[in-house]
Structure formats: C-alpha cells, structure tokens
2 protein chains.
Amino acid sequence: MSCAYEAFTADCPSRRLLEAIGNKWVSLSIVALGVHGPLRYGELAAQIEGVSQKMLTQSLRRMERDGLVTRTVTPSVPVRTDYELTPLGRSLLPLLHELKDWAQEHMPAVDAARAEYDAAAPSR
Amino acid sequence: MSCAYEAFTADCPSRRLLEAIGNKWVSLSIVALGVHGPLRYGELAAQIEGVSQKMLTQSLRRMERDGLVTRTVTPSVPVRTDYELTPLGRSLLPLLHELKDWAQEHMPAVDAARAEYDAAAPSR
DNA sequence: CTGGATCCAGCCGGATACTG
DNA sequence: CAGTATCCGGCTGGATCCAG
C-alpha cells in the first residue's frame, strides 16, 4: 500500500480511526445494523447484550459524527428514533464479519493457549 | 455463519477475543511483526511510535498468553528478547491489513463527516 | 537491554434519577 | 421511548525508578 508505515506514527489518521472502530460497542452496533437493517434505539439495546444506555448512546453519537450511521427521529408520541448504516458504514461490514468469524473459529485455540500458559506458571 | 448472534451475548467467546485483538497496541504489534518478521523488544518499541514500555510489555504478555506470539529470551549480556508471530497470530494478518487499508482509504470521508457534523452544531 | 514495581492522573463505564 | 445529567468506583495508561 502507499503508506504501510504511517499507522505507526503517533498522529496518523488510520490510527485515530482504528481507535474509533476498534471500540467494542461500535463494532457490535455496526454488525447488528448490518444484519437486521435499520433498528430503533431500543431494538439495538436489546440486540447488544450487556451494553448500558449511556455507552450505546455515546457510541451511536460517535458513529453518527463519523458518518457511519444516520439517525432519524420521528417526532411522534412517544418519540421514535431509527439508526441505519450509511454506505460508508456498510463498507465496514465485510471486514467486521471476517473479524467475527476469525474470533469464533480460533477461540478454541486461544483458550487452549491460555490454559497452557496459565498452567505453566499459575503465579503469573 | 453458524452462530451469527452469539457475539451479542455477554459472555460469548468471540466477544472476549474481540476485546483482546481490538486493542490498539496489540493490532499494531501484530502488523509490525507481520511486516518485519521477528523483532526484538526495542525494535518493536521503535516501530510503534508513542507506545510506553509498560503498555508494550503488557500487550506482548497478553498476546503471548493468547498464543499469538512467541517470546524467546537469549540469556546473553545484555539480555536479548525476540518476539515472533505464531501461525495463529499470522492468520490475523490479512484481516488487520484490510482494516488498516480501510482506515487509510476512508479516513477522508470520515474527516469530512466529522467536519460537517461539528459545523452543524458546534455546541455538541 | 528488557522488563518489573510503583505512583498517580484521567477517562471509562455502570447506576441512578430526571425530562420531553 | 429515547434520551440527558450526575455521581463515582475502577481500570487504563503514562512517568519514573529500580533490577537482572
């Protein structure tokens, strides 16, 4: 690639972005929206087990700011808010799926490595 | 995939792993080791600008525990320590490269989205 | 040279209460 | 329903000093 080394400099754009999408809730939100299409706030919260509403809102705001999702508020009573991936956000889907697939495929190996490592010197 | 929804449960293995490799220093270390081959501790530290030795050591220990890298200590004076990717760690390279490429390709779009978002309501 | 140990500021993130 | 606001404990991560 044109700048293979640039991610290793402190202020490289790709590094900032890596931090942005490296976030756990961000990636899970993108995958959830990719799988299920547009989702309401509450539906997203239900999909992503264990997320607090603070973290979910915070993540969604950041994703909206970064142009990864759109936020559509319907001023009914009660209010309805839908989140949907932008084309930019959708372009991340294949990568995240690969990452997720890798995790699910190789987790046993990692668990084995951990067990062996911990068994070798429990004190560590 | 066989269990598309499992990463959304709180204690799913893939979620733990996502946290492990989602770490900034971990992914940068893997890419660095993938590009340059085995590296000494100091060489790694020099490659990854901005990392503290505490964080680098911590990341390397975690990666070693997870079976992603091997740590080889040569008891000379001074001590020499080499880190190298395991096959498991190497299998992550394509994914991380894609992620890095995506970041470098789409960063302008993200920056534009941010600028627009911030311009719309500076108070946010 | 490669780290371990410690101190400490700052942010992350959960719980709770309140609002339109 | 979909947030915002606030409090606060705990962990992250940098700086520094020390050791094999």
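Because the structure is a prediction, the values reported are computed rather than measured.

Asks: Please give an account of the overall build of chain A that cites residues and values.
Replies: Regarding its fold elements, chain A presents six helices and three strands. Listing the helices and strands of chain A from first to last along the sequence gives α-α-β-α-α-β-β-α-α. By residue count, 44% of the 124 residues in chain A fall in the buried class. Counting contacts in chain A only where the partners sit at least 6 residues apart, residues at least 24 apart contribute 43% of the total. Approximately 6200 Å² of chain A is accessible, and the part contributed by carbon and sulfur atoms is 55%.

Asks: Just give me the short version of the interface of chain B and chain A, but keep the residues and values in it.
Replies: Contact with chain B, which involves 54 residues of that partner, is made by 54 residues of chain A. Here chain B meets chain A over a buried area of about 5100 Å², counting both sides, of which 66% is carbon and sulfur. Close ionic contact of Asp118(B) with Arg65(A) constitutes a salt bridge, the shortest N to O distance being 2.8 Å. Linking chain B with chain A are eight residue pairs in polar contact (both at pLDDT 80 or more), by the criterion used here.

Asks: Give me the lowdown on the packing of helix H6 (residues 93-120) of chain A against helix H6 (residues 93-120) of chain B, citing residues and values where you can.
Replies: Closest axis-to-axis distance for the H6(A)/H6(B) pair is 10 Å, and the angle between their directions is 155 degrees. Classified by the angle between their axes, H6(A) and H6(B) sit roughly antiparallel to one another. Here the hand of the crossing between H6(A) and H6(B) comes out left-handed. Contacts between H6(A) and H6(B) involve Leu95(A), Glu98(A), Leu99(A) and Trp102(A) from the first element and Leu95(B), Glu98(B), Leu99(B) and Trp102(B) from the second. Within the contact of H6(A) with H6(B), the residues separate by chemical class into six nonpolar, no polar and two charged.

Asks: Help me get a handle on the protein's contact with DNA strand D, residues and values and all.
Replies: Among the 16 residues in the neighbourhood of DNA strand D, the closest are listed as Gly42(A), Arg71(A), Tyr83(A), Lys54(B) and Met55(B). By atom count, sugar and phosphate contribute 65% of the portion of DNA strand D lying within 4 Å of the protein. In this structure, a phosphate oxygen belonging to DNA strand D sits 2.8 Å away from a main-chain N or O atom of Gly42(A). At a separation of 3.5 Å, a base oxygen of DNA strand D approaches a polar side-chain atom of Gln53(B). The leading source of residues in the surface near DNA strand D is helix H4 (residues 53-65) of chain A, at four residues. The residue makeup of the surface near DNA strand D, split by class, is five nonpolar, six polar and five charged.

Asks: Kindly report on the nonpolar core, identifying the contributing residues and their values.
Replies: Among the nonpolar cores identified, the biggest contains 64 residues, and Ile30(A), Leu44(A), Leu68(A), Ile30(B), Leu44(B) and Leu68(B) are the most heavily contacted of them. Ignoring anything within four residues of it in the chain, the contact list for Leu44(B) reads Ser29(B), Ala32(B), Leu33(B), Leu39(B), Leu56(B), Leu60(B) and Tyr83(B).

Asks: So what's going on with the sheet that holds strand S2 (residues 69-74) of chain B? Which residues, and what values?
Replies: All names here are of chain B. Pairing is antiparallel in the open sheet, where three strands are placed in the order S1-S3-S2. Every other strand in the sheet has two partners, leaving strand S1 (39-40) and S2 as the edge strands with one partner each. As paired strands, S1 and strand S3 (residues 80-85) are joined by two bridges and run antiparallel to one another. Looking at the pairing, Arg40 lines up with Asp82 of S3. In the packing of helix H2 (residues 24-36) onto the sheet, contacts are made with S1, S2 and S3, and the angle to S3 comes to roughly 90 degrees. Across the sheet, helix H4 (residues 53-65) lies against S2 and S3, angled at about 115 degrees from S2, the strand it touches most.

Cut-offs applied
Residues numbered from 1 in each chain as written. Chains lettered and ligands numbered in written order. Predicted model: local features only at pLDDT ≥ 70, side-chain atom pairs only at ≥ 80, totals over all residues. Heavy atoms only, no water. Helix = DSSP H or I, 4+ residues; strand = E, 2+ residues; numbered from the N terminus. Buried < 20%, exposed > 50% of the residue type's maximum accessible area, 1.4 Å probe, protein only. Contact = heavy atoms within 4.5 Å. Areas by Shrake-Rupley, 256 points an atom, 1.4 Å probe, with all protein chains shown as cover. Buried area = accessible area lost by both parts, 1.4 Å probe. Salt bridge = Lys/Arg side-chain N within 4 Å of Asp/Glu carboxyl O. Polar contact = N/O pair within 3.5 Å; in protein donor to acceptor, adjacent residues only side chain to side chain. Axes fitted to C-alpha atoms, helices over the stretch in contact; angles between N-to-C directions. Parallel < 35°, antiparallel > 145°, perpendicular 65-115°, else oblique. Left-handed = near helix turned anticlockwise from the far one by under 90°. Nonpolar A, V, L, I, M, F, W, Y, C, P; charged D, E, K, R; others polar. Near = heavy atom within 4 Å. Core = buried A, V, L, I, M, F, W, Y, C linked by side-chain atoms within 4.5 Å. Pairing = 2+ DSSP bridges.

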